[in-house]
Amino acid sequence: MKKRESLRKSVWTIISLVTLFLIWYLGSRNEELGRLMPDPVEVLKFIAAGFVAPIGKKLLWEHILWSLSRVLIGYVLACIVGILLGFAASWFKVGEAVIRPFYLLLRSIPSLAWIPLAILWFGIGEKSKYFIIFITAVMIIMTNVMDGVKAVSPELLGVARMLGTKEKQLFVRVVLPCAVPQIFNGLQVAVGSAWAAVLAAEMVRSSEGVGWIILAGQSSMNMVQIFAGIVVIGMIGLLLALLIRAAERRLCAWNVRGK
Amino acid sequence: MSSMIEVKNVRKLFVNEEGEKNEVLKNVSFHVDKNEFVVIFGPGQCGKTTLLNIIAGLEEATDGEVLKMGETVSGPGPDRAVVFQDILLFPWLTVMQNVEYSMKVRGMDSRMRREEAGKYIDLVGLNGFEKAYPVQISGGMKQRVGIARAYCTKPDVMLMDEPFGALDAQTRYLMQDEVIRISSTEKRTVVFVTNNVEEAIYLADRIIIMTDCPSTVLKDIKIDLPRPRSYVDPEFLSLRKEISAMLNRKR
Amino acid sequence: MRKKEFKYYLISIGTIILFLVVWYLLSDVFQVFRKGMLPGPVKVARSFVEKLSTKTPDGNTLFGHIGASLKVVLIGYIIGVAAGIPSGVLMAWYQPVDDMVRPVFDFLRTIPGVAWIPVVTVWLGIGLKAKAAIIFVNVFVGTVVNIYSGIKQTNEVQIWVAQIFGAGRLEILFKVALPSSLPYLFTGLKVSLSMAWLGIVAAELLASQSGLGYMIQVARSLGRPDLVIVGMLTIGLIGAFLTMALEMAERVFVKGNRK
């Protein structure tokens, strides 16, 4: 039964994506629409060609790697800082009192609004991009860590004490594992947002990366290049999300199995 | 010699956000001797769990105090293991890890605690499920894990809070026999809360009958029926009638 | 208990004051920061007051920019929600639509809103329409996702009960499924609102001649960090205010079936 359901789903997925492709293809044949929409075959050709001939100064996969490495550095930093700060601001009362006001203030500033300040502080090089990605991801991760810790049930803490857990052990033995699913949720949302942030950062100032590809496409009015960039961006966004989900399945087997 | 547990004039008052007061326990006093199986029985929703939590140290009494072997109880600890109504296993630990948890935090080495935990898993009949996570097993099995986990702390007292309340009737009977069997192999002091008369008579050496809100001790009855007991034994039935009548009169 | 909470309250206030003092000492008294990096709190406050009435350097007062940004956000937001709700309902309630559209939607969803900026710029220029379109994309996706999951989670028993009482499919949709999905809808509205606010900042940073995003971008290029910070704080405050307004609406409309 389940197998048939998933087979039906995949058949429909193929039908639906093929239909999209056909509509896009036929639409781009039309003269009026053709000016707005590039031929999808051209777009795919452009992507394929990008692997052998450079777009701008670099090959397509080099652009991708540039963007990914920026995301990776900012994201990893954000994970470390976000998880530590999140725990500090939720498990420790004093930490909460100190950190929370700043958290509330910074939380309501959209991450991309940091771009100008980041450029003033760190220049237009790599550092300002790491900073934007960091700020984007760190707020999301912190929020989720804090929610995760706040959701630890007092009953479960009571059980742990009853079983002889010392106050010092409580964090590692109960709070941490309890908060892990929520933290993973945060990591997943953050990776998506970090990916969006690197695009924005690259579009503001950059000479490589996928964000640069679409912006360069815009300034030369090259729709094929813009759409090629968008397709690549979508694919990589999807891949990143799948990666985190796979990691979660590994690390939180107890939680996923129940679903 | 002092009793294992001594509850002295315990009173509990809850005050909600609107400032309304709700007295759930009033002047509750009783004692529990070593290796005695005491059932706290009462019909209402009120007070019994709170009373058990106060003995466990999970909640504080508004007035009065609880002594364990002559010392005032001030917080939860492994000497008073609780089996909860809603079980409360650690969902991220396997059955084995849940059972051996208390020994792990005490710093016992892994080979010894495996062996010890294995013994209790055997005792509650969960062999073969050591590696399962709580979400993968049934309610009855979870409650067995809860019981094994409590025994593993080597408690002076076992506190059981309507442990079979959420189980179906069949499993419930099975678990009652199980508890009797286990406590005959592992002699321990047990305080068992229930709102089911039959369960109370079936299990208890002594029943402490509580009134409804605010709860207080109505009667303290010794149950001398020989074991194993039977639900259809005439003496059992007459005892049951007597307790029911007592409660009705009170109402 | 009360007394203890009061203590943490004091710690919070103390930290904020300490932060302001340190900021003041570092920037204004000891002048640790390079010029154009971080002005002191006094300077920022003064710029804020000035900006309320002066139109330099970016052609509008603070309120003028706020108005420009808000107008675009509201237009894009309302159209996005108005289109998103029926689309999400169609997908969730009619299996064939779900089968056909969901795969395409899931693919488009992985593309961050900012990636559409170049496309929209080429299509619609950099005026109000272009920015509203960016906001629309951001809002549409968030709304569809949430109303979709809201309707999908409708309690089956409730649907059965309605069927037993002879309700038609449409009636069930309007009387059971939609009301029970309200909390999800509001989550969607809130998420979309912050996405819209993020979108407007991105759009104005990259392609605009008005609005708060434009204001901080100009301030950045002129090396005026004080104005950048004023702009960021304003963006944050208005975002927080909008969210609060939605939360109040939620409290009025969603009764008894909070998530």
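Everything that follows concerns the structure shown earlier in this document.
By convention here, each chain's residues receive numbers from 1 onward along its written sequence. As they are written, the chains are lettered A onward and the ligands numbered 1 onward, keeping that order. Confidence filtering applies because this is a predicted model: local features only for residues at pLDDT of at least 70, side-chain atom pairs given and counted only at 80 or more, and all residues used for totals across whole chains, interfaces and linings. Neither water nor hydrogens contribute to the side-chain values; these are computed over all heavy atoms in the structure.

Colleague: Looking at this model, I keep getting lost on the overall build of chain A. Mind explaining?
Modeller: Think of it this way: any DSSP run of H or I at least four residues long counts as a helix, any run of E at least two long counts as a strand, and we number them from the N terminus. Helix and strand content of chain A: twelve helices and zero strands. For chain A, the N- to C-terminal ordering of α and β elements is α-α-α-α-α-α-α-α-α-α-α-α. Buried means the residue's accessible area, taken with a 1.4 Å probe over protein chains only, is under 20% of the maximum for its type, while exposed means over 50%, and partly exposed covers the values in between. Across the 259 residues in chain A, those meeting the buried criterion constitute 49%. Each charge class in chain A was averaged separately, 27 positive and 14 negative side chains, and the resulting centres sit 9 Å apart. By the counting rule applied here, Lys and Arg register as positive and Asp and Glu as negative, while His and the ends of each chain are not counted. Throughout, a charge is located at the NZ atom of Lys, the CZ atom of Arg, the CG atom of Asp or the CD atom of Glu.

Colleague: Can you walk me through the arrangement of the chains in this structure?
Modeller: Residues count as neighbours in contact if any of their non-hydrogen atoms are within 4.5 Å of one another. Of all two pairs of chains sharing an interface, the pair with the highest contact count is chains A and C. The smallest C-alpha distance separating chain B from chain C is 13 Å, and no contact links them.

Colleague: Before we go on, may I ask you to explain the sheet that holds strand β6 (residues 80–83) of chain B in this structure?
Modeller: The strands making up a sheet associate through hydrogen bonds between their backbones, and the pairing can be parallel or antiparallel. Residues and elements named next belong to chain B. Strand order in the open sheet formed by six strands is β6-β7-β8-β3-β9-β10, and the pairing between neighbours is mixed. Looking along the sheet, the strands with just one partner apiece sit at the ends: β6 and β10 (217–222). Ignoring which end each strand starts from, the neighbouring axes of this sheet average 15° apart. Only when DSSP finds a minimum of two bridges between them are two strands counted as paired. Relative to β10, strand β9 (residues 206–210) is paired through five bridges, and the arrangement is antiparallel. Bridge pairing links Met210 to Val217 in β10. The convention used is that axes are lines fitted to C-alpha atoms, helices contributing only their stretch in contact, and that angles between N-to-C directions extend from 0 to 180 degrees.

Colleague: Help me understand the side chain of B:Thr94 in this model?
Modeller: Residue and element names in this part refer to chain B. In this fold, Thr94 is placed in the loop between β6 and α2 (95–105). The class for Thr94 is buried, based on a relative accessible area of 11%. Once residues within four sequence positions are removed from consideration, Thr94 is found in contact with Glu130, Lys131, Ala132 and Tyr133.

Colleague: Teacher, can you tell me more about the interface of chain A and chain B here?
Modeller: Reports of interface size often rely on the accessible area that becomes lost once the parts have come together. At the junction of the two partners, chain A supplies 19 residues and chain B supplies 22 residues. A 1.4 Å probe defines the accessible area here, and the buried area is the portion of it lost by two parts on being joined, summed over both. Across the interface of chain A and chain B, roughly 1,900 Å² is buried in total on both sides, 74% from carbon and sulfur atoms. Together, A:Met162, A:Leu163 and A:Trp254 form the three largest contributors to the area buried by chain A at its contact with chain B, with a combined 41%. One speaks of a salt bridge when a side-chain nitrogen belonging to Lys or Arg is within 4 Å of a carboxyl oxygen belonging to Asp or Glu. Our count for the contact surface shared by chain A and chain B stands at zero salt bridges. We define a polar contact as two N or O atoms separated by no more than 3.5 Å, with the added condition that, inside protein, one atom must be a possible hydrogen donor and the other a possible acceptor, whereas residues neighbouring each other in sequence contribute only through side-chain atom pairs. Scanning the region where chain A abuts chain B turns up two residue pairs in polar contact (both at pLDDT 80 or more).

Colleague: Any chance you could explain the nonpolar core here in plain terms?
Modeller: The tendency in soluble globular proteins is for nonpolar side chains to be buried as a group. In this structure, A:Tyr75, B:Phe90 and B:Ile147 are the most contacted members of the largest nonpolar core, which totals 228 residues. Filtering out sequence-adjacent residues up to four positions away, B:Ile147 remains in contact with B:Val83, B:Val124, B:Met158, B:Met160, B:Phe164, B:Met175, B:Val179 and B:Ile182. Within this scheme, the nonpolar core is defined by two criteria: the residues are buried Ala, Val, Leu, Ile, Met, Phe, Trp, Tyr or Cys, and they are joined through side-chain atoms within 4.5 Å.

Colleague: So what exactly am I meant to see when it comes to the packing of aromatic side chains here?
Modeller: Within a pair of aromatic rings, the relevant descriptors are the distance that separates the centres and the angle that separates the planes. A pair of Phe, Tyr and Trp rings is counted when the ring centres sit within 6.5 Å of each other, with Trp represented by its six-membered ring. The angle between the planes then sorts it: under 30 degrees is stacked, over 60 is edge-to-face, the rest tilted. This model, assessed by the stated rule, comprises 20 aromatic pairs over all chains. Arranged with centres 4.9 Å apart and planes meeting at 70°, the rings of A:Phe102 and C:Phe19 form a pair that is edge-to-face. Placement of A:Phe102 in helix α5 (residues 93–107) and of C:Phe19 in helix α1 (residues 2–29) is noted, with the two residues assigned to different chains. Taken together, a centroid distance of 6.1 Å and an interplanar angle of 65° make the contact between A:Trp121 and A:Phe131 edge-to-face. Placement of the pair is A:Trp121 in helix α6 (residues 115–122) and A:Phe131 in helix α7 (residues 126–150), with a sequence separation of ten residues. Among the aromatic residues, those joined into a ring-pair cluster are A:Trp114, A:Trp121, A:Phe122 and A:Phe131.

Geometric descriptors of this kind do not, in isolation, establish any biological role.
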